[in-house]
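Spelled out, the chains give:
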Amino acid sequence: MSDFAARRTMMVDTQVRPSDVTKYPIIAAMLLIERENYVPDTKKEAAYVGDNLDVGHGRTMLAPRSFAKLLDALSIQPGETVLDIGCGLGYSSAVLAQLAATVVALESVAELADAARHNLAGAGLTNVSVHQGTLAMGHAASGPYDVILVEGGAEHVAPELIAQLAEGGRLGVVMMQGALGIVKIGLKSQGKVSWRFAFNATAPILPGFAAERAFAL
């Protein structure tokens with residue numbers, strides 16, 4: 001067993017399983033996907049730490065615990081289509097590809113989108129497509145989506161994104177209030193989204209997901 005494989009097992013055993021993540025497909029996916037291949041070369045040694053990891057260009061790989069608990073709360077099914085917003089270098093999309101039928105990965109930074117395509121193709125994942133575009137606006141052309149996953153913090157979610165969620169669909173996001181954050185899961189029913197608290201977590205706010213500030217003299 002390679003050193004990274006051992007670290008991957010330890011990550012699941014010490015960060016994921018103790019966080020009440022018991023769905024086997026999530027555990028299997030996180031044991032399978034080589035997290036070290038989706039971080040900058042200078043960060044490989046930090047790939048399995050238990051914190052959010054800066055992967056450059058303002059993108060963050062969520063801490064393994066937070067990511068696993070988010071997947072658990074969204075309860076992704078094998079036949080579903082998922083929109084992964086702010087996919088960074090592709091790790092989240094690689095894991096999602098093990099859980100869903102189709103993954104649409106969205107990234108606004110060309111360099112990251114190109115790297116994600118390269119990484120996902122290198123892993124032989126054919127059910128993921130990477131698109132470059134404005135994160136907050138989603139990717140309506142491939143919608144509607146059964147699940148939308150926001151890979152970062154938000155203070156608000158644009159109506160344009162909510163509109164891309166299918167009836168009965170779920171949206172998972174880290175809602176930030178100052179330095180504090182909570183993961184919320186939104187369920188779309190009869191065209192409206194109702195939100196529930198999932199767990200506490202923090203993440204840097206993604207471009208376009210900050211609340212507008214009122215101008216004051």
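Above this text is the structure in question.
Nothing here was measured: the structure is a model prediction, and the numbers come from that model.

Quick word on unusual backbone geometry
Residues other than glycine predominantly adopt negative phi, and peptide bonds predominantly adopt the trans conformation.
Phase 1: In this structure, the amide linkage connecting Gly143 to the following residue, Pro144, adopts the cis form with an omega of 0°.
Phase 2: Structurally, the position occupied by Pro144 is in the loop between strand S5 (128–132) and strand S6 (145–154).
Phase 3: Even without a glycine there, the phi angle at Ser75 is positive, about 50°.
Phase 4: Within the secondary structure, Ser75 is located in the loop between helix H3 (64–74) and strand S3 (81–85).

Some words on the pairing of strand S7 (residues 165–177)
Phase 1: Burial runs high along S7: ten of the 13 residues are buried.
Phase 2: When S6 meets S7, the two strands line up parallel, connected through six bridges. Bridge assignment links Gly153 to a residue of S7, and that residue is Val174.
Phase 3: Looking at chain direction, S7 and strand S8 (residues 180–189) are connected through eight bridges and run antiparallel. Paired with Leu171 across the two strands is Gly186, which belongs to S8.
Phase 4: A loop of two residues connects S7 with S8, the two strands running antiparallel in sequence, and Gly178 in this loop sits at a positive phi of about 65°.

About the thresholds
Residues numbered from 1 in each chain as written. Predicted model: local features only at pLDDT ≥ 70, side-chain atom pairs only at ≥ 80, totals over all residues. Heavy atoms only, no water. Helix = DSSP H or I, 4+ residues; strand = E, 2+ residues; numbered from the N terminus. Buried < 20%, exposed > 50% of the residue type's maximum accessible area, 1.4 Å probe, protein only. Pairing = 2+ DSSP bridges.

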